[in-house]
Amino acid sequence: MATDMAKRFGKVAVLLGGDSAERDISLETGHAVHDALVAEGIDAHAVDTRDTPLTFLLEQGFDRAFIALHGRGGEDGVIQGALEVLHIPYTGSGVLGSALAMDKVRSKRVWQSMRISTPDFVEIVDATDLGVVEERLGFPVMVKPVHEGSSCGAARVEKAGQLEAAWAASRQFDDRVMAERWVVGAEYTASILQDQALPLIRLETPRVFYDYEAKYVADDTRYLCPCGLPEKRERELNALMLQAFAAVGASGWGRVDFMLDEQGTPWLIEVNTIPGMTSHSLVPMAAAQAGIGFNELVVQILETSLSRDSLRQGVRT
Ligand SMILES: Nc1ncnc2c1ncn2[C@@H]1O[C@H](COP(=O)(O)OP(=O)(O)O)[C@@H](O)[C@H]1O
Ligand SMILES: [Mg+2]
């Protein structure tokens, strides 16, 4: 069996680390992925893109890449474009889907154009936009960087007097910042594997929102999977999330975050094209609920690179 696996995928680079704000999470994701691939008999090697130029993959005869990078430079189409140029097949979304999903403002514009509900928002470009936020959205609002992940630089703002400071804090993480209408309700995430939806997870935190602490540190975050919604409702929501995922050009695997307000209306928050893959991450949790173990999940994600095998002949599909 092991040799079959090795033959099917060849020499696999697990791209991890990098130099985004989410480097540490990427190292965790990448090592978990690497260990799973090795356990499945695949010839996998960890490659830290912070220290190693991608041309190393050509020099060392790698057949494909499993991209385990989060955030800018890894999840945003940059690495994907470089791998296209090098003719190396890779996992997950392509250049367009990665770039669009990383841009929360442009993702929301696409959803709005398709009448998929997403909270109203204002991009804060200069100080005059602070007044626009108050006028258009009212309070509270969520202020967050347009391109960041892991809740880095995000804050709930209760009143006008706090807005400028939150904008400044968010700008430490990104040159583009947005304010979004605060959704009162429950938070969910839809995991997508090989373009199929896995069971929804409902997230509950006693904190103000699902912030960095709640994601990675606190032990009082609750994850409900099954999520408690009626089966038919879950199916409908998953269909909507697949639509929202495809709308931004994302493909292969990923995660769509959304909220359900008190009236039961779903509000799209964001698409993650390379979500966390540590043993306590959300996609593995949803996969487990569907009877897919961690190693099998990782192999199924690696399979998403097979559709790009024509890259190796220099033929674009
Ligand atoms: N409009 C909103 N209303 C209420 N909570 C929000 C809103 N936007 C984001 N959040 C909370 O902030 C968290 C992080 O926001 P998100 O847009 O998913 O950014 P990230 O890319 O950092 O995960 C979400 O998981 C949710 O708990
Ligand atoms: Mg999120």
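All figures in this text were calculated on a predicted structure; none of them were measured in a lab.

Student: Please explain the site of ligand 1 as it appears in this structure.
Tutor: Neighbouring ligand 1 are 19 residues; Lys104, Lys144, Ser151, Glu180 and Glu187 lie closest to it. A distance of 2.8 Å separates an oxygen atom of ligand 1 from a polar side-chain atom of Lys104. Contact between ligand 1 and Glu270: an oxygen atom at 2.8 Å from a side-chain N or O atom of the residue. Against a free-state accessible area of 540 Å², the protein chains account for coverage of 98% of ligand 1. Mapped onto the shell around ligand 1, the elements with two or more residues apiece are β5 (141-145), β7 (177-181), β12 (253-261) and β13 (266-272). In terms of residue class, the shell around ligand 1 is built from 7 nonpolar, 3 polar and 9 charged. Counting contributing residues, the shell around ligand 1 receives three or more from each of domain 2 (100-118 + 184-291) and domain 3 (121-181).

Student: Looking at this structure, how should I read the coordination of the magnesium ion (ligand 2)?
Tutor: Metal coordination angles in their ideal form are 109.5 degrees for the four-donor tetrahedron and 90 or 180 degrees for the six-donor octahedron. Asp257 (OD) and Glu270 (OE) make up the full set of protein donors to the magnesium ion (ligand 2), lying at 1.9 to 2.3 Å. Linking Asp257 in strand β12 with Glu270 in strand β13, this pair joins segments that are 13 residues apart in sequence. Taken as a pair, Asp257 and Glu270 share a single burial class, namely buried.

Student: What is the right way to read the pairing of β12 from this model?
Tutor: Moving residue by residue along a regular strand, the side chains alternate between the two faces of the sheet. Burial runs high along β12: 9 of the 9 residues are buried. Along β12, one buried face is formed by Trp253, Arg255, Asp257, Met259 and Asp261 and the opposite face, lined by Gly254, Val256, Phe258 and Leu260, is buried too. In terms of strand pairing, β12 meets β13 through 6 bridges, oriented antiparallel. Paired with Val256 across the two strands is Val271, which belongs to β13.

Student: What exactly am I supposed to notice about the sheet that holds β5 here?
Tutor: Hydrogen bonds between backbone groups are what pair the strands of a sheet, and the pairing can be parallel or antiparallel. If you walk across this open sheet you meet the 4 strands as β4-β7-β5-β6, and the pairing is antiparallel. Strand pairing shows two members of the sheet lacking a second neighbour, β4 (121-124) and β6 (155-157), which therefore form its edges. Between one strand axis and the next, the sheet turns through 25° on average, direction left out of account. Strand direction decides the pairing type here: β4 and β7, joined by 4 bridges, are antiparallel. From the neighbouring strand, Glu123 faces β7, where its bridge partner is Met178. Each of β4, β5 and β7 touches helix α6 (residues 104-113); the most contacted strand, β4, lies at about 150° to it. This element, helix α7 (residues 128-137), spans β4, β5 and β7 of the sheet and lies at about 175° to β4.

Student: Is there a simple way to explain the sheet that holds strand β1 (residues 11-16) in this structure?
Tutor: The strand order across the open sheet built from 3 strands is β2-β1-β3, with neighbouring strands paired in parallel fashion. A single partner strand is all that each edge strand has here, and the edge strands are β2 (43-48) and β3 (64-67). Adjacent strand axes in the sheet meet at a mean angle of 30° when their direction is disregarded. Along the sheet, helix α2 (residues 23-39) contacts β1, β2 and β3; its crossing angle with β1, the most-contacted strand, is approximately 160°.

Student: Explanation requested: α2 in the structure shown.
Tutor: Two residues of an α-helix separated by three or four positions point the same way, owing to the 3.6 residues in each turn. In this model α2 runs 24 Å from its N-terminal to its C-terminal C-alpha over 17 residues, within 8% of the 24 Å that 1.5 Å per residue would give. For α2, the set of buried residues is Arg23, Ile25, Ser26, Thr29, Gly30, Ala32, Val33, His34, Ala36 and Leu37. Residues of α2 that are buried make contact with β1, β2, β3, α9 (212-216) and α12 (294-303). In the stretch just after α2, Gly41 is the one whose phi turns positive, near 85°.

Student: Just to check I follow, could you spell out the domain arrangement of the chain for this structure?
Tutor: Put simply, an interface is often sized by how much accessible area is lost when its parts join up. Domain boundaries in the chain define domain 1 (2-92 + 295-313), domain 2 (100-118 + 184-291) and domain 3 (121-181). The centre of domain 1, based on its C-alpha atoms, is set 24 Å off from the matching centre of domain 2. Each side of the interface is counted separately: domain 1 has 23 residues, and domain 2 has 20 residues. Together domain 1 and domain 2 conceal approximately 1,700 Å² of surface at their shared face, both sides included; 67% is due to carbon and sulfur atoms. Of all residues in domain 1, the largest losses of buried area upon contact with domain 2 belong to Ile25, Glu75 and Leu297, amounting jointly to 33% of the total for that side.

Student: Hey, could you run me through the environment of Leu306 in this one?
Tutor: Within the element layout of this structure, Leu306 appears in the segment after α12. Counting along the chain gives 97 residues from Leu306 to Phe209, while the straight-line C-alpha distance between them is 38 Å. Residues in contact with Leu306, not counting those within four places in the same chain, are Arg8, Phe9 and Arg64.

Student: I tried to follow the pattern of salt bridges on my own but got confused; where do I start?
Tutor: Scanning all chains against the criterion turns up 22 salt bridges. When the shortest N-O distance is used, the salt bridge between Lys104 and Glu270 registers 3.7 Å. Here Lys104 is found in helix α6, whereas its partner Glu270 is found in strand β13, with 166 residues between them in sequence. Residue Glu236 pairs with Lys232 through a salt bridge whose shortest N-O separation is 3.2 Å. Taken together, the residues span about one helical turn, with Glu236 and Lys232 both in helix α10 (residues 231-247) at a distance of 4 residues. The exposure class of Glu236 is partly exposed, given its relative accessible area of 36%.

What counts, and at which threshold
Residues numbered from 1 in each chain as written. Chains lettered and ligands numbered in written order. Predicted model: local features only at pLDDT ≥ 70, side-chain atom pairs only at ≥ 80, totals over all residues. Heavy atoms only, no water. Near = heavy atom within 4 Å. Polar contact = N/O pair within 3.5 Å; in protein donor to acceptor, adjacent residues only side chain to side chain. Areas by Shrake-Rupley, 256 points an atom, 1.4 Å probe, with all protein chains shown as cover. Helix = DSSP H or I, 4+ residues; strand = E, 2+ residues; numbered from the N terminus. Nonpolar A, V, L, I, M, F, W, Y, C, P; charged D, E, K, R; others polar. Domains from an automatic or database assignment. Donors = N, O, S within 2.8 Å, 3.2 Å for Na, K, Ca; no water. Buried < 20%, exposed > 50% of the residue type's maximum accessible area, 1.4 Å probe, protein only. Pairing = 2+ DSSP bridges. Axes fitted to C-alpha atoms, helices over the stretch in contact; angles between N-to-C directions. Contact = heavy atoms within 4.5 Å. Expected span 1.5 Å × (residues − 1). Buried area = accessible area lost by both parts, 1.4 Å probe. Salt bridge = Lys/Arg side-chain N within 4 Å of Asp/Glu carboxyl O.

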